[in-house]
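Inside the fold
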Amino acid sequence: MANCPTPPTSPTSPTRPTSPTSPTRPTRPTSPTSKFNIQNSTFKIDIAVSTLGAYGIGRVGHMLLPPAEGVRYVVSWQRHEGLEPPGSLLRDDVLLLRLDGVGLSRNRNNAIRHASADIILFADDDIEYLPDVISWVRSAFAMNPAADIILFKAIYPHAKRYPEASCPLRLPLPKGYYVSSIEIACRRQSLGDLRFCESLGLGAPVLTAGEDEYFIYSALRRGLQCRFENETICRHPGPSTGSGGAISDGALRASGCLISIFYPHTTFLRLPLKAWRASASYGSGLPRPKRFLHALRCLIEGALLSLR
């Protein structure tokens, strides 16, 4: 797990949607003042959208921005069998990829394989972009030519801790800061064979979270220059995986796995503390000591998996 291999290329079929109708676009959040100069570079951007099933593909049309020069949506669609995409995706700037199987990391990697722009910006199907997101992303890379990956901010229903100011990122990441994929933009050519680990993330068999953090960890270990920019680019209506809002056994195992990888010398000091904190909102209906022991067991199982 610590040396998660680059996933093999899986065959997909790029298709263009053909439905004629388009739903009404929802109201977008107001864009705050940015330090970036809106008159900026002309980097081409591929927005890599991961989606699943009929409901997911229906939401993609609501997140699209008005067509813009040099911007394309690479939509990777799982559980597509027997379904037709909505008419809102009948646009020249949308490339729709049908992907068999499940796994969020597989979905993101599929979009990466079909990207061709200078910059890849990762997206979920339920986010709302701020109006100036494209200008901000272009400006951020123009103003930081050495940066391979830039992470931004998103608005969530819950509070999320970010660094107080824009800064380079190094290991370990700032205390209390975790990464979400919808905040990540990267130079495509800088990635090389770096991909999301398909053993991690929603839809993975055992470790159902943590793919975003491991992606950035792997990038930094490879020597890529990662940077945090204190700019908000989108709104996410639900809790992110790392928020702690919904803890599952698989998410705990993933957490244990990553703790073992990130902090090998202090793993078995950190696991009980993590288990106690998790037990506050995990396994409702059980006494907290039992919740603690169950959470600890899941964390230990994940930590042991990292050694394989």
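Figured I'd write up the structure that's included with this text.

Criteria and cut-off values
Residues numbered from 1 in each chain as written. Predicted model: local features only at pLDDT ≥ 70, side-chain atom pairs only at ≥ 80, totals over all residues. Heavy atoms only, no water. Patch = residues over 30% accessible without salt bridge, like charges linked within 9 Å, V, L, I, M, F, W, Y side chains within 5 Å. Areas by Shrake-Rupley, 256 points an atom, 1.4 Å probe, with all protein chains shown as cover. Salt bridge = Lys/Arg side-chain N within 4 Å of Asp/Glu carboxyl O. Helix = DSSP H or I, 4+ residues; strand = E, 2+ residues; numbered from the N terminus. Buried < 20%, exposed > 50% of the residue type's maximum accessible area, 1.4 Å probe, protein only. Axes fitted to C-alpha atoms, helices over the stretch in contact; angles between N-to-C directions. Parallel < 35°, antiparallel > 145°, perpendicular 65-115°, else oblique. Left-handed = near helix turned anticlockwise from the far one by under 90°. Contact = heavy atoms within 4.5 Å. Nonpolar A, V, L, I, M, F, W, Y, C, P; charged D, E, K, R; others polar. Pairing = 2+ DSSP bridges. Lys, Arg positive; Asp, Glu negative; His and termini not counted. Charge placed at Lys NZ, Arg CZ, Asp CG, Glu CD. Arc of directions from axis to C-beta. Phe/Tyr/Trp six-rings, centres within 6.5 Å; stacked < 30°, edge-to-face > 60°. Lys NZ or Arg CZ within 6 Å of the ring centre and 35° of its normal. Core = buried A, V, L, I, M, F, W, Y, C linked by side-chain atoms within 4.5 Å.

**As for a nonpolar patch on the surface**
A grouping of Phe268, Ile300, Leu304 and Leu307 is seen on the molecular surface, where their side chains present a nonpolar patch of about 420 Å² in accessible area. Summarising the element assignment, Phe268 is placed in helix H7 (residues 267–279). Residue class for Phe268 comes out exposed when judged on its relative accessible area of 55%.

**Regarding the packing of H7 against helix H8 (residues 288–305)**
Orientation of H7 relative to H8, taken along the N-to-C sense of each, is 140°, at an axis distance of 8 Å. With respect to their mutual orientation, H7 and H8 come out oblique. Remark: the crossing between H7 and H8 carries right-handed chirality. Side by side, H7 and H8 meet where Thr267, Leu271, Pro272, Lys274, Ala275, Trp276, Arg277, Ala278 and Ser279 of the first sit next to Arg288, Arg291, Phe292, Ala295, Leu296, Leu299, Ile300 and Ala303 of the second. A per-class count over the contact of H7 with H8 returns 11 nonpolar, two polar and four charged.

**Examining the pairing of strand S7 (residues 149–155)**
Within S7, five of the seven residues are buried, leaving the element largely enclosed by the surrounding structure. In the sheet, S7 pairs with strand S9 (residues 184–187) via three bridges, with the strands oriented antiparallel. By the bridge assignment, Ile150 is partnered in S9 with Ala185. Bridge count for S7 against strand S10 (residues 226–235) is six bridges, and the pairing is parallel. When the bridges of S10 are listed, Ile149 appears paired with Cys226.

**Here's the deal with a positive patch on the surface**
Residues Arg161, Lys175, Lys274 and Arg277 make up a contiguous surface patch of positive charge. Within the fold, Arg277 resides in helix H7.

**Section: helix H1 (residues 53–63)**
Among the residues of H1, those classed as buried are Gly53, Gly56, Ile57, Val60, Gly61 and Met63. Along the axis of H1, the buried positions cluster into a sector of 165°, meaning they face one direction only. Contacts made by the buried residues of H1 are with strand S2 (45–52), strand S3 (71–78), strand S4 (94–99), strand S5 (119–124) and strand S6 (128–129).

**Concerning the packing of helix H5 (residues 211–221) against helix H6 (residues 249–262)**
When two helices pack together, their arrangement is captured by the angle between the axes and the distance separating the axes. Between H5 and H6, the least distance of the axes is 11 Å, while the angle of their chain directions is 15°. One element, H5, and the other, H6, form an angle in the roughly parallel class. As for the relative orientation of H5 and H6, their crossing is left-handed in sense. Two secondary-structure elements touch here, H5 through Glu213, Tyr214 and Tyr217 and H6 through Leu258, Ile261 and Phe262. Partitioned by chemical class, the residues of the contact of H5 with H6 number five nonpolar, no polar and one charged.

**Points about helix H3 (residues 133–143)**
Of all 11 residues making up H3, nine are buried, and the element is well covered by its neighbours. By the burial criterion, the buried members of H3 are Val133, Ile134, Ser135, Trp136, Val137, Arg138, Ser139, Ala140 and Phe141.

**Remarks on the packing of aromatic side chains**
Within the structure shown, the criterion is met by 10 aromatic pairs. The interplanar angle of 90° and the centroid separation of 5.2 Å between the aromatic rings of Phe122 and Phe196 together place this pair among those described as edge-to-face. With Phe122 in strand S5 and Phe196 in the loop between helix H4 (188–191) and H5, this residue pair connects regions lying 74 residues apart in the sequence. Grouping aromatic residues by their ring pairs yields a cluster made of Tyr214, Tyr217, Phe262 and Tyr263. Geometry around Tyr263 places Arg270 over its ring, the cationic atom sitting 3.6 Å from the centre.

**A short note on the pattern of salt bridges**
The tally for this structure, following the rule as stated, stands at 10 salt bridges. A salt bridge links Arg227 to Glu229, with the nearest nitrogen and oxygen atoms 2.7 Å apart. Overall, the relative accessible area of 19% leaves Arg227 in the buried class. According to the relative accessible area criterion, Glu229 is buried, its value standing at 2%.

**Some thoughts on the nonpolar core**
Residues Ile47, Tyr73, Leu121, Tyr129, Val137 and Ile149 are the most contacted members of the largest nonpolar core, which totals 64 residues. Top contributing element to this core by residue count: H3, with six residues. Excluding residues that lie within four positions of it along the chain, Ile47 makes contacts with Val71, Arg72, Tyr73, Val74, Leu121, Ala123, Tyr129 and Ile134.

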